[in-house]
Amino acid sequence: DQQVKQNSPSLSVQEGRISILNCDYTNSMFDYFLWYKKYPAEGPTFLISISSIKDKNEDGRFTVFLNKSAKHLSLHIVPSQPGDSAVYFCAVHQKLVFGKGTKLTVNP
Amino acid sequence: NAGVTQTPKFRILKIGQSMTLQCAQDMNHNYMYWYRQDPGMGLKLIYYSVGAGITDKGEVPNGYNVSRSTTEDFPLRLELAAPSQTSVYFCASRTGNQPQHFGDGTRLSIL
(Lines give C-alpha, C1' and ligand atoms only; values in the text may rest on other atoms or scores of the structure.)
Protein backbone atom coordinates (compact mmCIF):
# COMPACT_ATOMS: atom_id res chain seq x y z
CA ASP A 1 0.00 0.00 0.00
CA GLN A 2 1.77 3.11 -1.23
CA GLN A 3 1.78 5.96 1.24
CA VAL A 4 3.37 8.30 -1.29
CA LYS A 5 2.33 8.12 -4.94
CA GLN A 6 3.89 9.63 -8.00
CA ASN A 7 1.51 8.57 -10.71
CA SER A 8 3.46 9.86 -13.69
CA PRO A 9 6.50 7.67 -14.41
CA SER A 10 7.81 10.14 -16.96
CA LEU A 11 7.43 13.70 -18.17
CA SER A 12 8.90 15.39 -21.22
CA VAL A 13 9.04 19.18 -21.62
CA GLN A 14 10.76 21.70 -23.86
CA GLU A 15 13.62 23.78 -22.58
CA GLY A 16 12.38 27.07 -21.15
CA ARG A 17 8.91 25.76 -20.37
CA ILE A 18 7.49 24.83 -16.98
CA SER A 19 7.84 21.32 -15.58
CA ILE A 20 5.22 20.21 -13.05
CA LEU A 21 5.79 17.03 -11.10
CA ASN A 22 3.05 15.72 -8.84
CA CYS A 23 2.90 13.69 -5.66
CA ASP A 24 -0.02 12.41 -3.58
CA TYR A 25 0.09 11.07 -0.05
CA THR A 26 -2.36 9.12 2.04
CA ASN A 27 -1.89 10.21 5.64
CA SER A 28 -3.04 13.65 6.72
CA MET A 29 -0.67 13.45 9.70
CA PHE A 30 2.36 13.74 7.43
CA ASP A 31 3.78 17.21 7.93
CA TYR A 32 7.15 17.47 6.21
CA PHE A 33 7.87 16.65 2.61
CA LEU A 34 11.00 16.61 0.52
CA TRP A 35 11.91 16.40 -3.15
CA TYR A 36 15.08 14.65 -4.23
CA LYS A 37 16.70 14.62 -7.64
CA LYS A 38 18.62 11.63 -8.95
CA TYR A 39 20.96 11.35 -11.91
CA PRO A 40 21.93 7.93 -13.30
CA ALA A 41 24.65 6.13 -11.33
CA GLU A 42 24.45 8.69 -8.53
CA GLY A 43 22.63 8.84 -5.23
CA PRO A 44 19.61 11.10 -4.72
CA THR A 45 20.36 14.68 -3.78
CA PHE A 46 18.08 16.93 -1.78
CA LEU A 47 16.32 19.59 -3.83
CA ILE A 48 13.66 21.35 -1.78
CA SER A 49 11.33 20.72 1.14
CA ILE A 50 8.09 22.02 2.58
CA SER A 51 6.51 21.93 6.00
CA SER A 52 2.77 21.61 6.43
CA ILE A 53 2.64 25.03 8.06
CA LYS A 54 3.31 26.46 4.60
CA ASP A 55 1.58 26.00 1.28
CA LYS A 56 4.50 27.14 -0.85
CA ASN A 57 8.28 27.11 -0.71
CA GLU A 58 10.49 28.62 -3.36
CA ASP A 59 14.18 28.22 -4.14
CA GLY A 60 15.33 29.83 -7.36
CA ARG A 61 13.73 28.02 -10.29
CA PHE A 62 12.15 25.42 -8.01
CA THR A 63 8.86 25.88 -6.16
CA VAL A 64 6.98 23.28 -4.17
CA PHE A 65 3.27 23.69 -3.49
CA LEU A 66 1.38 21.83 -0.81
CA ASN A 67 -2.40 21.32 -0.80
CA LYS A 68 -3.15 19.72 2.55
CA SER A 69 -6.85 19.23 1.96
CA ALA A 70 -6.13 17.29 -1.22
CA LYS A 71 -3.05 15.59 0.27
CA HIS A 72 -1.16 16.66 -2.79
CA LEU A 73 2.10 18.40 -3.49
CA SER A 74 3.72 19.50 -6.68
CA LEU A 75 7.15 20.63 -7.79
CA HIS A 76 7.37 23.38 -10.38
CA ILE A 77 10.55 24.04 -12.32
CA VAL A 78 10.61 27.30 -14.25
CA PRO A 79 12.27 27.66 -16.67
CA SER A 80 13.22 24.05 -17.30
CA GLN A 81 16.76 23.37 -18.45
CA PRO A 82 18.31 20.28 -20.08
CA GLY A 83 20.42 19.78 -16.94
CA ASP A 84 17.20 19.26 -14.98
CA SER A 85 16.72 15.94 -16.78
CA ALA A 86 16.73 13.40 -13.94
CA VAL A 87 14.43 11.28 -11.81
CA TYR A 88 12.59 13.22 -9.13
CA PHE A 89 11.42 11.56 -5.94
CA CYS A 90 8.88 12.86 -3.50
CA ALA A 91 9.43 11.74 0.11
CA VAL A 92 7.78 12.01 3.50
CA HIS A 93 10.25 12.87 6.25
CA GLN A 94 8.62 11.13 9.20
CA LYS A 95 8.11 7.78 7.55
CA LEU A 96 11.18 7.87 5.34
CA VAL A 97 8.92 6.80 2.50
CA PHE A 98 9.70 7.63 -1.09
CA GLY A 99 7.49 7.70 -4.14
CA LYS A 100 8.45 5.68 -7.22
CA GLY A 101 9.83 8.72 -8.95
CA THR A 102 9.11 10.67 -12.12
CA LYS A 103 11.69 10.76 -14.89
CA LEU A 104 11.88 14.27 -16.29
CA THR A 105 13.36 14.86 -19.73
CA VAL A 106 13.96 18.44 -20.81
CA ASN A 107 14.47 18.68 -24.55
CA PRO A 108 16.71 21.42 -25.98
CA ASN B 1 34.91 16.27 2.60
CA ALA B 2 33.80 12.96 1.06
CA GLY B 3 30.23 12.87 2.46
CA VAL B 4 28.77 9.36 2.28
CA THR B 5 31.03 6.71 0.74
CA GLN B 6 29.75 3.32 -0.34
CA THR B 7 31.89 0.36 -1.36
CA PRO B 8 31.91 -1.57 -3.56
CA LYS B 9 30.16 0.19 -6.45
CA PHE B 10 29.34 -3.06 -8.22
CA ARG B 11 29.25 -6.69 -7.16
CA ILE B 12 28.04 -9.98 -8.57
CA LEU B 13 27.26 -12.72 -6.09
CA LYS B 14 26.21 -16.32 -6.43
CA ILE B 15 23.08 -17.53 -4.66
CA GLY B 16 23.89 -18.44 -1.08
CA GLN B 17 27.03 -16.35 -0.81
CA SER B 18 27.40 -13.67 1.81
CA MET B 19 28.81 -10.18 1.65
CA THR B 20 28.97 -6.88 3.46
CA LEU B 21 28.15 -3.57 1.84
CA GLN B 22 30.18 -0.82 3.40
CA CYS B 23 28.98 2.69 4.19
CA ALA B 24 30.99 5.44 5.82
CA GLN B 25 30.23 9.10 6.45
CA ASP B 26 32.57 11.83 7.60
CA MET B 27 29.98 14.44 8.59
CA ASN B 28 29.49 13.23 12.18
CA HIS B 29 25.84 12.50 11.42
CA ASN B 30 23.99 10.53 14.05
CA TYR B 31 21.33 9.07 11.75
CA MET B 32 22.22 6.52 9.07
CA TYR B 33 20.03 4.53 6.70
CA TRP B 34 20.09 1.71 4.18
CA TYR B 35 17.68 1.68 1.25
CA ARG B 36 17.23 -0.54 -1.75
CA GLN B 37 15.88 0.57 -5.09
CA ASP B 38 14.44 -1.95 -7.48
CA PRO B 39 13.85 -1.02 -11.15
CA GLY B 40 10.94 1.39 -11.57
CA MET B 41 10.43 1.62 -7.85
CA GLY B 42 11.12 4.12 -5.14
CA LEU B 43 13.60 3.65 -2.34
CA LYS B 44 12.56 1.21 0.36
CA LEU B 45 14.05 1.44 3.83
CA ILE B 46 15.89 -1.69 4.99
CA TYR B 47 17.43 -0.63 8.32
CA TYR B 48 18.29 2.58 10.07
CA SER B 49 20.32 3.75 13.03
CA VAL B 50 19.86 6.76 15.28
CA GLY B 51 23.33 6.52 16.73
CA ALA B 52 26.22 4.18 17.53
CA GLY B 53 24.93 0.96 19.04
CA ILE B 54 21.31 1.57 18.06
CA THR B 55 19.68 0.06 15.00
CA ASP B 56 16.12 -0.68 13.95
CA LYS B 57 14.23 -2.35 11.14
CA GLY B 58 12.71 -0.51 8.25
CA GLU B 59 10.13 -1.64 5.74
CA VAL B 60 12.07 -4.53 4.14
CA PRO B 61 14.63 -5.93 6.66
CA ASN B 62 14.33 -9.65 5.90
CA GLY B 63 17.58 -11.20 4.67
CA TYR B 64 19.75 -8.37 5.97
CA ASN B 65 21.62 -7.45 9.12
CA VAL B 66 23.31 -4.26 10.25
CA SER B 67 25.59 -3.03 12.98
CA ARG B 68 26.64 0.44 14.10
CA SER B 69 29.73 0.23 16.26
CA THR B 70 30.93 3.73 15.37
CA THR B 71 29.28 6.98 14.33
CA GLU B 72 31.01 6.85 10.95
CA ASP B 73 30.28 3.33 9.73
CA PHE B 74 27.04 1.46 9.04
CA PRO B 75 27.69 -1.84 7.20
CA LEU B 76 24.88 -3.91 5.69
CA ARG B 77 25.29 -7.68 5.76
CA LEU B 78 23.68 -10.21 3.41
CA GLU B 79 24.11 -13.68 4.89
CA LEU B 80 22.54 -15.91 2.23
CA ALA B 81 22.20 -14.02 -1.02
CA ALA B 82 19.00 -14.63 -2.97
CA PRO B 83 18.01 -13.44 -6.47
CA SER B 84 15.33 -11.22 -4.89
CA GLN B 85 18.11 -9.17 -3.32
CA THR B 86 19.35 -8.04 -6.72
CA SER B 87 18.99 -4.29 -6.44
CA VAL B 88 20.78 -0.99 -6.06
CA TYR B 89 21.57 -0.22 -2.43
CA PHE B 90 21.86 3.30 -1.11
CA CYS B 91 23.24 4.43 2.20
CA ALA B 92 22.27 7.81 3.63
CA SER B 93 22.98 9.91 6.69
CA ARG B 94 21.61 13.02 8.29
CA THR B 95 21.70 15.10 11.44
CA GLY B 96 18.87 16.80 13.28
CA ASN B 97 16.04 17.75 10.95
CA GLN B 98 18.30 18.18 7.97
CA PRO B 99 17.65 16.23 4.75
CA GLN B 100 19.48 13.01 4.11
CA HIS B 101 22.77 12.87 2.25
CA PHE B 102 23.07 9.82 0.02
CA GLY B 103 25.99 7.79 -1.24
CA ASP B 104 26.24 6.88 -4.91
CA GLY B 105 24.98 3.36 -4.38
CA THR B 106 26.11 -0.25 -4.71
CA ARG B 107 24.72 -2.17 -7.65
CA LEU B 108 24.35 -5.81 -6.59
CA SER B 109 23.45 -8.71 -8.86
CA ILE B 110 22.79 -12.19 -7.51
CA LEU B 111 22.91 -15.01 -10.01
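Up top is the structure.
What you see is a predicted model; the values in this text were computed from it and never measured.

Novice: How would you summarise the sheet that holds strand S7 (residues 62-67) of chain A if you had to cite specific residues and measurements?
Specialist: Taking strand neighbours across the sheet as the criterion, the 5 strands line up as S1-S3-S8-S7-S6 (chain A) in an open arrangement whose pairing is antiparallel. Only two strands of the sheet have a single partner each, and these edge strands are strand S1 (4-5) and strand S6 (56-59) of chain A.

Novice: Any chance you could break down the pairing of strand S9 (residues 86-92) of chain A for me, citing the residues and the numbers?
Specialist: Residues and elements named next belong to chain A. Counting buried positions along S9 gives 6 out of 7 residues, so the element sits mostly inside the fold. With 6 bridges joining them, strand S4 (residues 32-38) and S9 adopt antiparallel strand pairing. Bridge assignment links Phe-33 to a residue of S9, and that residue is Val-92. Relative to strand S11 (residues 102-107), S9 runs antiparallel, the two sharing 3 bridges. Across the sheet, the residue bridging to Tyr-88 is Thr-102, located in S11. With 2 bridges joining them, S9 and strand S10 (residues 97-98) adopt antiparallel strand pairing. From the neighbouring strand, Val-92 faces S10, where its bridge partner is Val-97.

Novice: Can you tell me about the pairing of strand S3 (residues 19-25) of chain B, naming the residues and giving the values?
Specialist: Residues and elements named next belong to chain B. Taking every second residue as pointing to the same face, the buried face of S3 carries Met-19, Leu-21, Cys-23 and Gln-25, while none of Thr-20, Gln-22 and Ala-24 on the other face is buried. Relative to S3, strand S1 (residues 4-7) is paired through 4 bridges, and the arrangement is antiparallel. Note that in S3 the partner of Val-4 across the bridge is Gln-25.

Novice: Talk me through the state of the cysteines; I want residue IDs and the actual numbers.
Specialist: Taken as a whole and assessed by the stated rule, the structure comprises 2 disulfides over all chains. Bridging A:Cys23 to A:Cys90, the disulfide has an S-S length of 2.0 Å. Every disulfide takes its handedness from the sign of the S-S torsion; for A:Cys23 and A:Cys90 that torsion is -70°, giving left-handed. Of this pair, A:Cys23 sits in strand S3 (residues 19-25) while A:Cys90 sits in strand S9, and the two are 67 residues apart along the sequence. Judged by its relative accessible area of 0%, A:Cys23 is buried. Covalently, B:Cys23 is tied to B:Cys91 through a disulfide, its sulfur atoms 1.8 Å apart.

Novice: How would you sum up a nonpolar patch on the surface? Please name residues and give values.
Specialist: Residue and element names in this part refer to chain A. A surface patch of nonpolar side chains, about 220 Å² in accessible area, is lined by Ile-18, Ile-20 and Val-78. Mapped onto the secondary structure, Val-78 falls in the loop between strand S8 (72-77) and S9. Overall, Val-78 belongs to the partly exposed group, its relative accessible area being 41%.

Novice: For the interface of chain B and chain A, give the residues involved together with the corresponding values.
Specialist: Facing the 17 residues of chain B at the interface are 14 residues of chain A. Between chain B and chain A the total buried area reaches about 1,300 Å² when both faces are included, carbon and sulfur atoms providing 64% of it. It is B:Leu43, B:Pro99 and B:Phe102 in chain B that bury the most area against chain A; as a group they hold 33% of the surface buried on that side. Seen at the junction of chain B and chain A, the total is 0 salt bridges. Inspection of the chain B/chain A interface yields 2 residue pairs in polar contact (both at pLDDT 80 or more). Within the residue set of the side of chain B that touches chain A, elements represented by two or more residues are strand S4 (31-37), strand S5 (43-51) and strand S9 (87-94) of chain B. The biggest single contributor to the side of chain B that touches chain A is S4(B), with 3 residues. Looking at the side of chain B that touches chain A residue by residue, the classes come out as 8 nonpolar, 7 polar and 2 charged.

Novice: Go over the packing of aromatic side chains with me, naming the residues and quoting the values.
Specialist: Within this structure, the stated rule accounts for 12 aromatic pairs over all chains. Ring geometry for A:Phe98 against B:Phe102: centres 6.1 Å apart, planes inclined by 80°, an arrangement best described as edge-to-face. Taken together, the residues A:Phe98 in strand S10 and B:Phe102 in strand S10 (residues 101-102) connect one chain to another. Taking the centre distance of 5.7 Å and the plane angle of 40° together, the rings of B:Tyr35 and B:Phe102 count as tilted.

Novice: So what about the pattern of salt bridges? Which residues, and what values?
Specialist: Residues and elements named next belong to chain A. With the rule as written, the count across this model stands at 5 salt bridges over all chains. Put simply, Lys-37 and Asp-84 hold a salt bridge, and the shortest N to O gap is 4.0 Å. Residue Lys-37 is located in strand S4, and its partner Asp-84 is located in the loop between S8 and S9; the two are separated by 47 residues in the primary sequence. Here the salt bridges share partners, and the residues they tie into one network are Lys-37, Arg-61 and Asp-84.

Here is what the cut-offs are and how they apply
Residues numbered from 1 in each chain as written. Chains lettered and ligands numbered in written order. Predicted model: local features only at pLDDT ≥ 70, side-chain atom pairs only at ≥ 80, totals over all residues. Heavy atoms only, no water. Pairing = 2+ DSSP bridges. Helix = DSSP H or I, 4+ residues; strand = E, 2+ residues; numbered from the N terminus. Buried < 20%, exposed > 50% of the residue type's maximum accessible area, 1.4 Å probe, protein only. Disulfide = S-S within 2.5 Å. Patch = residues over 30% accessible without salt bridge, like charges linked within 9 Å, V, L, I, M, F, W, Y side chains within 5 Å. Areas by Shrake-Rupley, 256 points an atom, 1.4 Å probe, with all protein chains shown as cover. Salt bridge = Lys/Arg side-chain N within 4 Å of Asp/Glu carboxyl O. Contact = heavy atoms within 4.5 Å. Buried area = accessible area lost by both parts, 1.4 Å probe. Polar contact = N/O pair within 3.5 Å; in protein donor to acceptor, adjacent residues only side chain to side chain. Nonpolar A, V, L, I, M, F, W, Y, C, P; charged D, E, K, R; others polar. Phe/Tyr/Trp six-rings, centres within 6.5 Å; stacked < 30°, edge-to-face > 60°.

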